[in-house]
Amino acid sequence: MTLNPAADQAGIVALRPALLAGDAAAIDAWYRAEHPQVWRLCLGLLADATEADDLAQDAMLKLLDNLDRWDPRRPWAGWRNTVVLNLGRDRLRRRATRATHEGAADGAALFSRPLPSPQDAAHAAEVRAALTAALSGLTPREREAFVLVDLSGLPAAEAAEAMDVAEASVRSLLTLARRRLRTLLAAHVPVGTP
Amino acid sequence: MSDEPREPDDALDALARAFRELPAPAPARELQAEDEGTRRAVAWMAAAWQAQSPASSAPPAEVLARRARPAPLRVQRAWRPLAAAAAVLVLLGGAWMLAGRVLPPREATSLPAVAQGPGAEPPVPAVAPPEPAPPHIAPPVASASGVVAVAEDHLELRSGPVRMLLFLKPTTSNPENVR
């Protein structure tokens, strides 16, 4: 599923009055459409699927509770990303006191052989493990830049606004993230990967 | 004013804003300009990321219940300024009444007449103190200012209520001439 900012914007503007009124059907429709995107953002930021489940639910609640603060003339995706980013940063600060999570520990074994194709359903678990392990090798800020720009397809300027940093910083973070990923993955990614 | 000390947060915000407005240098390449290995790695990551999906995207009951609130927040917020203004008025009114009881009156004459106890002296009406009489060293003159009197050794001048005596330097060494 790819992001379609224009469709998201029109859809959320149309749904907003019903969501603010507490219409259960509207909430159900909005949640089902929005949750996968929010969850993927959380997965990218935290590099942990279990934590992404938890964070995505918190983020959806926060988005819904604060929907009256969103100006419909402003891009929905930008506001949503900022909310998710801030929650993700809080989560990472709390995590910093805990032990290293599972992704980094499995990295060495995962990247000792060719990676399966991401579309290969039979190896979905391995793909997810490799993805989270590779993301774990980035710093939190590099992950933010990489997820927003290279994975979500956001322009660097919009990512900079969501991250509250300069656009130049986003570009620098992207360069660093790509170099790390190349070092980690390039030898194991099958030739012909799109 | 620019000379006033600013809050630290304001200064940091201004610094962050100025930093954001700096033109972006171009050390970083667009993805298309990266080498083939980097592009393959990023493409694999993007495809793997897009292939991920949560176990369920059904809204939990908590979300549906969260919005089932009868009173919209906007209505409650509209009353907040009014409630704050009422609270300020009540506080100011209380402070004014307290000040009226504790602080002494500014003008005694403005107080209303109150009953006095037996034996108490009747209140003396306040009158302006009489203007001190001018020294009788010169006769009053009709003009408001000017020379009032001229003596051998001094001169008396007057300007409104102010009188000034100028003693002249004695022209002789005779001590009798000195007053």
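Residues numbered from 1 in each chain as written. Chains lettered and ligands numbered in written order. Predicted model: local features only at pLDDT ≥ 70, side-chain atom pairs only at ≥ 80, totals over all residues.

Q: What is the right way to read the overall build of chain B from this model?
A: Looking only at helices and strands, chain B has four helices and three strands in total. When the helices and strands of chain B are listed from N to C terminus, the series reads α-α-α-α-β-β-β. With 179 residues in all, chain B has 7% of them scored as buried. Of all intrachain contacts in chain B linking residues separated by at least 6 positions in sequence, the fraction that spans at least 24 positions is 7%. (Helix = DSSP H or I, 4+ residues; strand = E, 2+ residues; numbered from the N terminus. Buried ≥ 20, exposed ≤ 12 C-beta atoms within 10 Å, placed from the backbone. Contact = placed C-beta atoms within 7 Å.)

Q: Even after reading the chapter, I still don't get the environment of Leu174 of chain A, so can you show me in this structure?
A: Turning to its location among the elements, Leu174 of chain A is positioned in helix α9 (residues 167-185). Here the alpha-carbon distance between Leu174 of chain A and Val147 of chain A, two residues 27 residues apart in the chain, equals 9.5 Å.

Q: Any chance you could explain the confidence of the model for chain A here in plain terms?
A: Residue and element names in this part refer to chain A. Per-residue confidence for chain A averages 86 on the pLDDT scale, and 88% of its residues sit at or above 70. No element of chain A has a lower mean pLDDT than helix α5 (residues 102-110), which averages 56, and none a higher one than helix α7 (residues 140-151), which averages 95. A low-confidence stretch, residues 101-105 (pLDDT under 50), is modelled with nine contacts involving residues beyond four sequence positions or located in other chains. (pLDDT = per-residue confidence, 0-100.)

Q: How do you make sense of helix α4 (residues 76-95) of chain A when you look at a structure like this?
A: Note that an α-helix has 3.6 residues per turn; residues three or four places apart therefore point the same way. Across its 20 residues, α4 of chain A extends 28 Å between first and last C-alpha, which sits within 8% of the 28 Å expected from 1.5 Å per residue. Buried within α4 of chain A are the following residues: Trp76, Ala77, Arg80, Asn81, Val83, Val84, Leu85, Leu87, Gly88 and Arg91 of chain A. (Expected span 1.5 Å × (residues − 1).)

Q: Is there a simple way to think about the environment of Asp71 of chain A in this case?
A: Along the chain, Asp71 of chain A falls in the loop between α3 (49-65) and α4. Distance from Asp71 of chain A to Val13 of chain A, taken between C-alpha atoms, is 9.5 Å for residues 58 residues apart in sequence.

Q: Even after reading the chapter, I still don't get the sheet that holds strand β2 (residues 154-159) of chain B, so can you show me in this structure?
A: Sheet strands associate in pairs through backbone hydrogen bonding, adopting either a parallel or an antiparallel arrangement. Residues and elements named next belong to chain B. Strand order across the open sheet formed by three strands is β1-β2-β3, with antiparallel pairing between neighbours. Strands with a single pairing partner mark the edges of an open sheet, and in this sheet they are β1 (145-150) and β3 (162-167). For this sheet, the mean inter-axis angle between neighbouring strands, taken without regard to orientation, is 20°. As paired strands, β2 and β3 are joined by six bridges and run antiparallel to one another. Residue pairing across strands places His154 opposite Phe167, the latter belonging to β3. (Pairing = 2+ DSSP bridges. Axes fitted to C-alpha atoms, helices over the stretch in contact; angles between N-to-C directions.)

Q: Before we go on, may I ask you to explain unusual backbone geometry in this structure?
A: Note: most residues except glycine have negative phi, and most peptide bonds are trans. Residues and elements named next belong to chain A. Positive phi, normally seen in glycine, also occurs at Ala47, with a value near 55°. Turning to its location among the elements, Ala47 is positioned in the loop between α2 (24-46) and α3. With 25 C-beta atoms counted inside 10 Å, the residue Ala47 sits in the buried group. Of note in this structure, Asp164 is not a glycine but carries a positive phi near 60°. Under the C-beta neighbour-count criterion, Asp164 is labelled exposed, with 12 such atoms within 10 Å.

Q: How do you make sense of the packing of α2 of chain A against α7 of chain A when you look at a structure like this?
A: What describes two packed helices is the angle between their axes and the distance between those same axes. All names here are of chain A. The geometry of α2 relative to α7 is characterised by a closest axis approach of 8 Å and an angle of 140° between their N-to-C directions. What the angle tells us is that α2 and α7 run oblique. Our pair here, α2 against α7, has a crossing hand that is right-handed. Residues Leu41, Gly44 and Leu45 of α2 form the contact with α7, whose participating residues are Arg143, Glu144, Val147 and Leu151. Here the residues of the contact of α2 with α7 sort into four nonpolar, one polar and two charged. (Parallel < 35°, antiparallel > 145°, perpendicular 65-115°, else oblique. Left-handed = near helix turned anticlockwise from the far one by under 90°. Nonpolar A, V, L, I, M, F, W, Y, C, P; charged D, E, K, R; others polar.)

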